[in-house]
Amino acid sequence: KEMLIDESITVVSEEGAAKNTRKFSVFQNPTNKRHTDPDVQAMQAGDVVVCYEGKKKRKLLIFYQEDETRSGSIYYCQPSVKEALLDQRLCLHEISEILVGTQRKEFMVSNASESCCASFIGSSQILNVEADDERVIQRWLDGLRVCFNTTGKKLALQDATEPKTKDSMKFVRRSLSVSDYQ
């Protein structure tokens, strides 16, 4: 049985300077594992992380939200206001790979902790994040696995090499790919 739940998140469209705002509702199925999974629920609540873009880094709130896309999105915004901005999201169906660790050059600008970093690689953007605790990254990986599994996708381990030195730029911990079930 589906329930209509009014979300307290405001979606802001990309159109015009006036920024059209609208509330949206989400259909939730209480028997669906995705909605009762504690990792997905934690992702929906969100986490404050450091996001790396080029040589810049800034604190942002990231959270998972079901939306009009087929599998939901990872939204990012200022930590003080939780809002789902259409131009500040990474749609799950666009993610092709998740790199765990400080593999990407953006992490080289600081002393980012290898076990607290991940890069979510989509077709049009990349979200490089560093959490305060490695359990946050693991919770996101576990929650995303649930989200992908319920939409017919799988999150598969591609590489499990041990980390090397930061000087080698091959600081690989794990690489996970997203693909359809065969």
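Calculation rules
Residues numbered from 1 in each chain as written. Predicted model: local features only at pLDDT ≥ 70, side-chain atom pairs only at ≥ 80, totals over all residues. Heavy atoms only, no water. Helix = DSSP H or I, 4+ residues; strand = E, 2+ residues; numbered from the N terminus. Contact = heavy atoms within 4.5 Å. Areas by Shrake-Rupley, 256 points an atom, 1.4 Å probe, with all protein chains shown as cover. Buried < 20%, exposed > 50% of the residue type's maximum accessible area, 1.4 Å probe, protein only. Polar contact = N/O pair within 3.5 Å; in protein donor to acceptor, adjacent residues only side chain to side chain. Core = buried A, V, L, I, M, F, W, Y, C linked by side-chain atoms within 4.5 Å. Arc of directions from axis to C-beta. Disulfide = S-S within 2.5 Å. Salt bridge = Lys/Arg side-chain N within 4 Å of Asp/Glu carboxyl O.

Colleague: Looking at this model, I keep getting lost on the overall build of the chain. Mind explaining?
Modeller: What the chain contains, in helices and strands, is three helices and 12 strands. Counting contacts in the chain only where the partners sit at least 6 residues apart, residues at least 24 apart contribute 46% of the total. When the accessible surface of the chain is summed, it comes to about 9700 Å², and 47% of that surface belongs to carbon and sulfur atoms.

Colleague: Help me understand the side chain of Asp-67, please; the structure alone is not making it clear to me.
Modeller: Tracing the sequence through the fold places Asp-67 in the loop between strand 4 (56-65) and strand 5 (73-77). Taking the relative accessible area as the measure of exposure, Asp-67 reaches 15% and is therefore buried. Engagement of the side chain of Asp-67 in a polar contact is seen with the side chain of Thr-69, the distance being 2.4 Å. At 3.2 Å, the side chain of Asp-67 and the side chain of Arg-89 are in polar contact. Apart from the residues within four sequence positions on either side, Asp-67 is in contact with Gly-72, Ser-73, Tyr-75 and Arg-89.

Colleague: Hey, could you run me through the nonpolar core in this one?
Modeller: Inside soluble globular proteins, nonpolar side chains tend to come together where they are buried. By size, the foremost hydrophobic cluster in this structure holds 29 residues, and its most contacted members are Ile-74, Ile-95, Phe-120, Leu-127, Val-129 and Leu-144. If you list the elements that add at least two residues to this core, you get helix 2 (38-45), strand 3 (47-53), strand 4, strand 5, strand 8 (95-100), strand 9 (117-122), strand 10 (126-130) and helix 3 (134-150). Per element, the largest residue contribution to this core is eight residues, and it comes from helix 3. Each residue touching Val-129, except ones within four places of it in the same chain, is listed here: Val-49, Val-50, Cys-51, Ile-62, Phe-107, Cys-116, Cys-117, Ala-118, Phe-120 and Ile-137. Formed by six residues, the second largest nonpolar core is a distinct cluster that contains Phe-63, Tyr-75, Cys-77 and Ala-84.

Colleague: Could you clarify how one ought to interpret helix 2 in this entry?
Modeller: Side chains three or four residues apart in an α-helix point the same way, a direct result of the helix having 3.6 residues per turn. Of the residues making up helix 2, those classed as buried are Asp-39, Val-40, Met-43 and Gln-44. Axial view of helix 2: buried residues confined to an arc of 145 degrees, hence all on one face. Projecting away from the buried face of helix 2 at angles above 90 degrees are the exposed residues Pro-38 and Ala-45. Two to three positions downstream of the cap, the backbone nitrogen of Asp-39 sits 3.0 Å from a side-chain oxygen, assigning the N-cap of helix 2 to Asp-37. Looking one or two places after helix 2, you find Gly-46, whose phi comes out positive at around 100 degrees.

Colleague: What should I look at first to understand the state of the cysteines in this one?
Modeller: What makes a disulfide is a covalent bond joining the sulfur atoms belonging to two cysteines. What the rule picks out here adds up to zero disulfides. Note on Cys-117: no disulfide assigned, nearest cysteine sulfur contributed by Cys-116 at a separation of 6.6 Å. Since its relative accessible area comes to 0%, Cys-117 is described here as buried.

Colleague: Is there a simple way to explain the pattern of salt bridges in this structure?
Modeller: It is possible for side chains bearing opposite charge to pair when their charged atoms get close. Under the counting rule described, the total for this entry stands at seven salt bridges. Residues Arg-89 and Asp-67 are paired through a salt bridge, measuring 3.2 Å at the closest nitrogen-oxygen approach. On the criterion of sequence distance, the pair formed by Arg-89 in strand 7 (residues 89-91) and Asp-67 in the loop between strand 4 and strand 5 is long-range, its members being 22 residues apart. No difference in accessibility class separates Arg-89 from Asp-67, as the two residues are buried. One salt bridge connects Arg-135 with Asp-133, and the closest N-O pair in it is separated by 2.5 Å. By relative accessible area, which is 60% here, Arg-135 ends up exposed. Each of Asp-67, Glu-68 and Arg-89 takes part in one network of salt bridges that share partners.

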